Amino acid sequence: APGSLSTFTIAMATCGGLNPLFPGEGAVVNPTRMTNHPVFSSIRNRAIAEGWLQFFHGGDLHYTDIGSGLFDGGASDIAVYRRAIDDVLLQSRQHQLYRDVSTTWMYDDHDYGRNNDNRTAPGREGALLSYRERVPHYPLPNPTGDAPLYHSVEIDSTLFLFSDVRRDRDPNGDADSPTKTMLGVQQKLWMANLLATSTAKALVWVMPSQWLHPSGADTWASFTYERNELVEMLAAPNGDASKNWLPRMVQL
């Protein structure tokens with residue numbers, strides 16, 4: 001129950017399907033863009049044997065890069081997103097993991113749109129609507145339409161926060177400035193209010209984009225103003241320094 005204390009295990013992994021050692025099996029559109037690697041069976045078996053509470057998939061469930069021409073001719077409507085999820089579930093080891101182990105998935109670039117994609121993705125609406133339609137998830141603050149997919153859940157006394165880093169992201173190549181954003185104004189307002197009001201004792205922040213990387217086209221290295229803004233928010237959400245999360249959090 002929220003507010004209680006207990007011991008539980010959460011596992012997390014990301015990124016499966018780019019020219020894999022174990023290509024996609026079955027009648028899939030592009031077997032080089034998804035994987036049936038035995039590691040998925042390893043995760044499943046350990047989760048069951050050790051009683052893990054949940055598995056987090058932190059992004060790039062597949063590497064279809066919808067809209068790029070590498071999957072289904074470059075089309076980017078919702079039917080293509082549905083097919084990509086269907087093709088993942090044709091992978092027997094992944095299918096069994098997601099069937100047997102409670103799983104939360106937050107997309108990144110390759111399962112949202114094209115490589116390093118952003119708010120200009122041609123398939124943005126398809127990515128958002130297919131997630132709502134096909135993917136089990138905790139309640140979303142914006143449950144309808146093509147609004148961003150950020151959300152949270154409190155498990156015992158730990159708050160888990162999942163950030164959507166694609167839907168409102170400015171292009172990586174835009175000049176870094178105080179107005180350049182990866183999360184968008186709406187998501188940051190929600191986050192500040194959540195952190196200011198939560199009574200949880202600890203925070204786990206699931207962040208698909210690399211936070212501390214000193215460079216790189218698709219990292220926080222070109223969003224330094226917003227990154228600093230978020231650190232300040234964590235230290236004093238809505239100006240309340242008594243709610244400082246920095247000493248009692250981890251980021252995945």
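Attention here is on the structure that accompanies the text. This one's a predicted model, so the numbers in the text were calculated from it and none came from an experiment. (Residues numbered from 1 in each chain as written. Predicted model: local features only at pLDDT ≥ 70, side-chain atom pairs only at ≥ 80, totals over all residues. Heavy atoms only, no water.)

## Things to note about the sheet that holds strand β7 (residues 249-251)
Read across the open sheet, the four strands follow the order β4-β5-β6-β7; overall the sheet is mixed. Every interior strand has two partners, whereas the edge strands, β4 (151-155) and β7, have only one. Taking each pair of neighbouring strands and ignoring which way they run, the sheet shows an average axis angle of 15 degrees. The strands that helix α5 (residues 185-197) touches are β4, β5 (158-162) and β6 (202-206); relative to β5, the one it contacts most, it runs at about 180 degrees. (Pairing = 2+ DSSP bridges. Helix = DSSP H or I, 4+ residues; strand = E, 2+ residues; numbered from the N terminus. Axes fitted to C-alpha atoms, helices over the stretch in contact; angles between N-to-C directions. Contact = heavy atoms within 4.5 Å.)

## What about helix α6 (residues 224-235)?
The end-to-end C-alpha distance of α6, which contains twelve residues, comes to 17 Å, matching closely the 16 Å that a straight helix rising 1.5 Å per residue would cover. Residues E226, R227, L230, M233 and L234 constitute the buried set of α6. End-on, the buried residues of α6 take up no more than an arc of 115 degrees, which puts them together on one face. Of the surrounding elements, those touching the buried residues of α6 are α5, β6 and β7. (Expected span 1.5 Å × (residues − 1). Buried < 20%, exposed > 50% of the residue type's maximum accessible area, 1.4 Å probe, protein only. Arc of directions from axis to C-beta.)

## A closer look at the sheet that holds strand β2 (residues 54-57)
Strand order in the open sheet formed by three strands is β1-β2-β3, with parallel pairing between adjacent strands. Each having just a single partner strand, β1 (10-13) and β3 (103-105) make up the two edges of the open sheet. With strand direction ignored, the average angle separating the axes of adjacent strands in the sheet is 20 degrees. Pairing geometry for β2 and β3, over three bridges, is parallel. Paired with F55 across the strands is T103, a residue of β3.

The values reported here are purely geometric and, on their own, carry no functional implication.
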